[in-house]
Amino acid sequence: MNFEFVDNGSITTPSGFLASGVTAGFKRSGAPDFAMVVSEVPADFAGVFTSCTFAAAPVRVCRKRVKESDFLQAVIINSGNANACTGEQGLAASEKSCQIAADSLNIAPENVAVASTGRIGVQMNMELIERGVALARKALTGDGGNTAAQAIMTTDTVPKAAAVKVEVNGKTFNIGAITKGAGMIDPHLTTPHATMICIITTDAKISKPQLQKILQRNANDSFNRITIDGDMSTNDTVLILANGTSGTVIEPDTTEEDAFAQALLALMQNLAKRMVLDGEGASKFVEVKVINARTENDAKLAAEAVGNSLLCKTAWFGNDPNWGRVVAALGYSGAQFAAEKCDIFFGDIPVVKNGGDAGTPEEALLETVKQREFSITCDFHDGDAEYWVWASDLSYEYVKINADYHT
């Protein structure tokens, strides 16, 4: 591989990026709740967003930026108010937030993007936005990526940031990112057209069309493969900014572009996995893989059905190797396969053979399902397509968090 992860890396690991995280007052707890990310020079960019029909106002603004703006130079994120289902007033608030940040940074508002997370249906308090921008602007620093990661958290228990250093053909550049999301996680991110938000930066020079193509492809193999509770948010947002300050230029269809895409995918998968591990109340990380299916869509339907099954999730939480729940989910998934050919493994231990009990003693399975991380592989013996998802279990704590969230 042409890359390595950077110790304590974040969105400010790439050169030419500043960030900060401050307390504006969105959260009653007084925890940091407003982040700002700034490129010192104009940056090429791309974005993918929720496919939810009730897309929030900041998502609508970001989609507009991707379609109409030549570059970005700043992103602001607030935590504590999603600004979703807030109508034209909410849309105006998101645009006004960009204007406030732009004035503070002496740049144009169309070069500012905005993201929000928190309560749905609450109008934005613009005084808090003004306070957040003023404080964040003063706090901007070249090592502020991890404070920004803290400021965008909602029910997350830990901040999530990472960066990779890439060396290819004598050229060096960095990619960094922060993300949040612990509940309402089952993203279906599309090109323009508690929430997961991811901001990615790189000091490579790479064009907007290249970024859009690579970001969408990588989202399909990272964030679109995770599920905590099967609920898609109104606010899911992934943005990537490329400012070129490393001097490395990534041309299309080159070794450098391949290296960039591979390193970015590793970074996105690293953060996606950490989101599942930090899922609300989660105690298990389960990879569900369907192999040898007729089509990728059949494999996808089957894997997602198991990953989202409440009965499977509660069994995983209870350390119960109940494979009957897995076959039930496969059966109702809508995937086309022959049940009598299906084999299922927990880890590398067979539990179903030719559609029936493989005869493995339950005691042998317990050691697998007790692990913090384990895999379930479903072999359809019906083709050569496959698909995987990363899922969490469903615990008492998840119910408590979400029962109490509104109040």
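Check the entry above for the structure.
Residues numbered from 1 in each chain as written. Predicted model: local features only at pLDDT ≥ 70, side-chain atom pairs only at ≥ 80, totals over all residues. Heavy atoms only, no water.

The next point concerns the overall build of the chain. What the chain contains, in helices and strands, is 11 helices and 17 strands. The C-alpha atoms of the chain give 22 Å as radius of gyration, which agrees with the globular expectation for 407 residues (22 Å, within 12%). Projected onto its principal axes, the C-alpha positions of the chain cover 70 × 55 × 35 Å. In the chain, which comprises 407 residues, the share counted as buried stands at 56%. Carbon and sulfur atoms make up 49% of the accessible area of the chain, which amounts to about 15,700 Å² in all. Taking the 34 positively charged and 49 negatively charged side chains of the chain as two groups, their mean positions are separated by 5 Å. (Helix = DSSP H or I, 4+ residues; strand = E, 2+ residues; numbered from the N terminus. Rg over C-alpha atoms; globule rule 2.2 N^0.38 Å. Buried < 20%, exposed > 50% of the residue type's maximum accessible area, 1.4 Å probe, protein only. Areas by Shrake-Rupley, 256 points an atom, 1.4 Å probe, with all protein chains shown as cover. Lys, Arg positive; Asp, Glu negative; His and termini not counted. Charge placed at Lys NZ, Arg CZ, Asp CG, Glu CD.)

Let us look at the sheet that holds strand S12 (residues 285-293). Spatial ordering of the open sheet is given by S10-S17-S12-S16-S13-S14-S15, a layout of seven strands whose pairing is mixed. Both outer strands of the open sheet, strand S10 (226-227) and strand S15 (356-357), are each paired with one neighbouring strand and no more. Looking at chain direction, strand S14 (residues 349-353) and S15 are connected through two bridges and run antiparallel. Directly across from Val352, in S15, lies its bridge partner Asp357. (Pairing = 2+ DSSP bridges.)

Bringing the pattern of salt bridges into the picture now. Applying the stated rule across the entire model yields 16 salt bridges. Arg60 is paired through a salt bridge with Glu88; the nearest N and O atoms lie 4.0 Å apart. A residue pair is termed long-range when its members are at least 10 positions apart, and Arg60 in helix H1 (residues 57-68) and Glu88 in helix H2 (residues 87-105) qualify at 28 residues. Close ionic contact of Asp382 with Lys341 constitutes a salt bridge, the shortest N to O distance being 3.3 Å. Taken together, the positions of Asp382 in the loop between strand S16 (373-379) and strand S17 (385-392) and Lys341 in the loop between helix H9 (323-332) and strand S13 (343-346) put the pair 41 residues apart, joining distant regions of the chain. What emerges from the salt-bridge pattern is a single network uniting Lys64, Arg65 and Glu95. (Salt bridge = Lys/Arg side-chain N within 4 Å of Asp/Glu carboxyl O.)

The subject of this paragraph is the nonpolar core. One finds Ile175, Ile200, Phe223 and Phe260 to be the most contacted residues of the largest nonpolar core, which totals 40 residues. Taken together, the elements giving at least two residues each to this core come down to strand S3 (34-50), strand S6 (160-168), strand S7 (171-180), strand S9 (197-202), helix H5 (208-220), strand S11 (237-242), helix H6 (255-277) and S17. Once you skip the residues sitting within four places of it in the chain, Phe260 turns out to touch Phe173, Ile175, Thr202, Ile206, Leu211, Ile214 and Ile240. (Core = buried A, V, L, I, M, F, W, Y, C linked by side-chain atoms within 4.5 Å. Contact = heavy atoms within 4.5 Å.)

This part covers helix H7 (residues 296-308). Taking 1.5 Å of rise per residue, the 13 residues of H7 would be expected to cover 18 Å, and the 18 Å separating its terminal C-alpha atoms lies within 8% of that figure. Of the positions making up H7, those classed as buried are Asp298, Ala299, Ala302, Ala303, Glu304, Ala305, Val306 and Gly307. Next to the buried residues of H7 lie S10, S12, helix H8 (310-317), H9 and S17. (Expected span 1.5 Å × (residues − 1).)

The next thing to look at is the environment of Val389. By the element assignment, Val389 lies in strand S17. Spatially, the C-alpha atom of Val389 lies 19 Å from that of Gly281, the residues being 108 residues apart in sequence. Here Val389 is in contact with Arg225, Val286, Glu287, Val288, Ala303, Glu304 and Gly307, once residues within four sequence places are set aside.

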